[in-house]
Structure formats: C-alpha cells, structure tokens
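Residues per chain are reported as follows:
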Amino acid sequence: MLVVEGLVAGYGSSAVLHGVDFEVREGEVVALLGRNGAGKTTTLRAVMGLVKVRGGRVRFRDTELAGRAPFEVAHLGIAYVPDDRRIFPDLTVEENLLLARYASGRHGAWDLDRVYRLFPALRELRHLRGTQLSGGQQKMLAVGRALMSNPDLLLLDEPVEGLAPLVVRQLEQTLREIRQAGVTILLADQNLRFCRRVADRGYVLDKGAVQVGGPMEAIASDERTVRQYLAV
Ligand SMILES: Nc1ncnc2c1ncn2[C@@H]1O[C@H](COP(=O)(O)OP(=O)(O)OP(=O)(O)O)[C@@H](O)[C@H]1O
Ligand SMILES: [Mg+2]
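It should be emphasised that the depicted structure is a prediction, and the values quoted were computed from it without experimental measurement.

### With respect to the sheet that holds strand β9 (residues 201-206)
Move 1: With mixed pairing, six strands are arranged side by side in an open sheet as β6-β7-β8-β3-β9-β10. The open sheet is flanked by β6 (78-81) and β10 (209-215), the only strands paired with a single partner. Adjacent strand axes in the sheet meet at a mean angle of 15°, parallel and antiparallel pairs treated alike.
Move 2: By the bridge criterion, four bridges tie strand β3 (residues 29-33) to β9 in an arrangement that is parallel. Pairing of L32 across the sheet is with Y203, part of β9.
Move 3: The strands touched by helix α6 (residues 135-147) within the sheet are β6 and β7 (153-157), with β6 carrying the most contacts at an inclination of about 165°.

In structure tokens form, the structure reads like this:
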C-alpha cells in the first residue's frame, strides 16, 4: 500500500533521513520505532508532504507522493495525527470533527455517529471546547478528526505519549477497532510495550535509516536490538 524507498529528507542544510526504506501492506498496523531524534516524525511528515522529499520514492498504491502538497496526499486517502494534536481550541469537539469532514472532501463510512460510537467519551464532551479537554481526550479527538476524513491509511505520531496507563489500554482497543474497520495504520512511537501490543511489524530507525525491520514480536524480543536502539 505504502512503499518508501531510499527516502532522503531534512531541514535546512541538515539531512535527517539518509535513505529510509519500509513498506506498509493493506490492513496492517506498522510501527516506526527509535530514540528521540531518530527521525520518526520526519518520516511521517515526509510521507504527508509536510517535509520536502529530497531523494528516494514514496509510493502510495500507484501514486508517487514525493513533491505533492499535504492536501493532495490527504485527498488520496492518508490522514495524519501529529504528536501535538493541533485541535482547534476555540471550536467544540463536534465542530472540530465536522470541520475535518468538510475540509477533506472525502466521503465514506466515517461520520459523527461512527466516531462517537468508537469514542463514547467524545459524545459526552461534544459541546466542550478544545481547551477544556484533558490530554487523553485531545488525543481521542485528534484521532476521531482524522477518521472523519475517511482515510485508507492513518499516520499516528506518538499516539499514547503522556497518557495514563488506563487510557493507553483504551486507545489500544480503539486502534484494533479502527483496524477492523479496514483502516491501515502506520504509527511512530518510542513505547516498545505499546507497539508490541498493537503492531504487526516494526522498523527501527537510527542515524537516519532503518536499522532493523520485521515482525513486532521478533523486534521486541531481540535483546540486542532493544539495547542498541531502543533502551533509554
Ligand atoms: N523543524 C525542524 N528544524 C530543524 N531540525 C529539526 C526539526 N524537526 C526535527 N529536527 C531534527 O531532526 C532530527 C529528527 O527529528 P524527528 O522529530 O524526526 O525525530 P523523532 O524520531 O520523531 O524524535 P522524538 O522521539 O523526539 O519525537 C532531530 O535531530 C531533530 O533535532
Ligand atoms: Mg517525533
């Protein structure tokens, strides 16, 4: 579904990604792992067109994404939930959700009712403004908003960072339901335990390239990989 080959990207004069290779197959949950500054966010942003692709290929189905603007990538069926969430603080929960649906221009099975069924808490909170939500509630809203654009591929940056263990568990269950609904997921997270529970396969980034890739279980149980690239 998504094939990234030799991806080179960076900021200003410094290259951050020096040739990143990975793929995501339809229906999978794939994790990008790696320490702080390894390039996980930059990789997601490059796929989305938010960071310029300087070299290599980013193919989504039959379309080359390199050089496309973020709105074009979104129209093709990819949604991105940034780590800082970017909720509109002055809009209510419901307005945040509806705006995403109208802005995307994509139609499909995801609407207000379906998002509220997935996140019952958001239905309760629907008249509150973005600023009145807790961190966990904002993460739910950010994911709900991305689903309102009816994506085929969902990019999630640090979906559980800073969340209480109980909320993390709830989000894991929600990701399973999203996946069962037919949405493919590529997530970036340092939390090995979380990735182990939700992802089928993983790729470990370090020094601007993928150092290890394979089934999530194999990555998580390989002590050498964990010590070298993931342990803090
Ligand atoms: N806007 C920016 N301008 C300049 N350099 C940046 C910018 N954003 C990130 N970088 C640098 O690029 C490198 C990779 O950062 P990136 O955010 O992709 O890593 P990450 O794996 O997502 O890390 P984290 O776990 O902290 O989220 C880091 O060295 C970082 O300092
Ligand atoms: Mg990051």
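### Quick word on helix α7 (residues 165-180)
Move 1: The end-to-end C-alpha distance of α7, which contains 16 residues, comes to 23 Å, matching closely the 22 Å that a straight helix rising 1.5 Å per residue would cover.
Move 2: Listed as buried for α7 are V168, L171, E172, T174, L175 and I178.

### Thoughts on the site of ligand 1
Move 1: Lining the immediate environment of ligand 1, one finds Y11, V16, R35, N36, G37, A38, G39, K40, T41, T42, E158 and Q190.
Move 2: Here an oxygen atom of ligand 1 sits 2.7 Å away from a polar atom, N or O, in the side chain of T41.
Move 3: For ligand 1, the accessible surface in isolation is 630 Å², of which the surrounding protein chains cover 57%.
Move 4: For the shell around ligand 1, the per-class residue count stands at three nonpolar, six polar and three charged.

### Topic: the sheet that holds strand β5 (residues 63-64)
Move 1: Judged by pairing direction, the sheet is antiparallel, and its four strands sit side by side in the order β2-β1-β4-β5 without closing on themselves. Here the strands that pair on one side only, and so sit at the sheet edges, are β2 (14-24) and β5.
Move 2: Across five bridges, strand β1 (residues 2-11) lies against strand β4 (residues 55-60) in antiparallel orientation. Note on β4: the bridge partner recorded for V3 is R59.

### Here we look at the pairing of strand β8 (residues 184-188)
Move 1: Of all five residues making up β8, five are buried, and the element is well covered by its neighbours.
Move 2: In the sheet, β3 pairs with β8 via four bridges, with the strands oriented parallel. For L32, the partnering residue across the bridge sits in β8 and is A188.
Move 3: When β7 meets β8, the two strands line up parallel, connected through five bridges. The residue of β8 that forms the bridge with L155 is L186.

### Quick look at the pattern of salt bridges
Between side chains of opposite charge, pairing is possible as soon as their charged atoms come close.
Move 1: Within this structure, the stated rule accounts for 15 salt bridges.
Move 2: D113 serves as the salt-bridge partner of R117, at 3.2 Å between the closest nitrogen and oxygen. Of this pair, R117 and D113 both sit in helix α4 (residues 112-118), four residues apart, which is roughly one turn of the helix.
Move 3: We note a salt bridge from R123 to D113, for which the minimum N-O separation is 3.2 Å. Of the two residues, R123 is situated in helix α5 (residues 120-124) and D113 in helix α4; the sequence distance between them amounts to 10 residues.
Move 4: Judged by relative accessible area, which is 36%, D113 ranks as partly exposed.
Move 5: Ionic contacts of the salt-bridge type, sharing partners, join the residues E26, R61, R106 and D152 into one network.

### A look at the domain arrangement of the protein
Move 1: Segmenting the protein into domains produces domain 1 (1-77 + 152-164 + 183-232) and domain 2 (84-151).
Move 2: Placing a centre on the C-alpha atoms of domain 1 and another on those of domain 2 gives a separation of 24 Å.
Move 3: Taken residue by residue, the interface counts 14 residues in domain 1 and 12 residues in domain 2.
Move 4: Summed over the shared surface of domain 1 and domain 2, the result is one salt bridge.
Move 5: In this structure, D152 and R106 form a salt bridge, with 3.6 Å as the shortest nitrogen-oxygen distance.
Move 6: On inspection of domain 1 and its partner domain 2, the count reaches three residue pairs in polar contact (both at pLDDT 80 or more).
Move 7: Of all the secondary structure elements, the ones that give two or more residues to the side of domain 1 that touches domain 2 are α2 (70-76) and β7.
Move 8: Grouping the amino acids of the side of domain 1 that touches domain 2 by side-chain chemistry returns nine nonpolar, two polar and three charged.

Parameters at a glance
- Residues numbered from 1 in each chain as written.
- Chains lettered and ligands numbered in written order.
- Predicted model: local features only at pLDDT ≥ 70, side-chain atom pairs only at ≥ 80, totals over all residues.
- Heavy atoms only, no water.
- Pairing = 2+ DSSP bridges.
- Helix = DSSP H or I, 4+ residues; strand = E, 2+ residues; numbered from the N terminus.
- Axes fitted to C-alpha atoms, helices over the stretch in contact; angles between N-to-C directions.
- Contact = heavy atoms within 4.5 Å.
- Expected span 1.5 Å × (residues − 1).
- Buried < 20%, exposed > 50% of the residue type's maximum accessible area, 1.4 Å probe, protein only.
- Near = heavy atom within 4 Å.
- Polar contact = N/O pair within 3.5 Å; in protein donor to acceptor, adjacent residues only side chain to side chain.
- Areas by Shrake-Rupley, 256 points an atom, 1.4 Å probe, with all protein chains shown as cover.
- Nonpolar A, V, L, I, M, F, W, Y, C, P; charged D, E, K, R; others polar.
- Salt bridge = Lys/Arg side-chain N within 4 Å of Asp/Glu carboxyl O.
- Domains from an automatic or database assignment.

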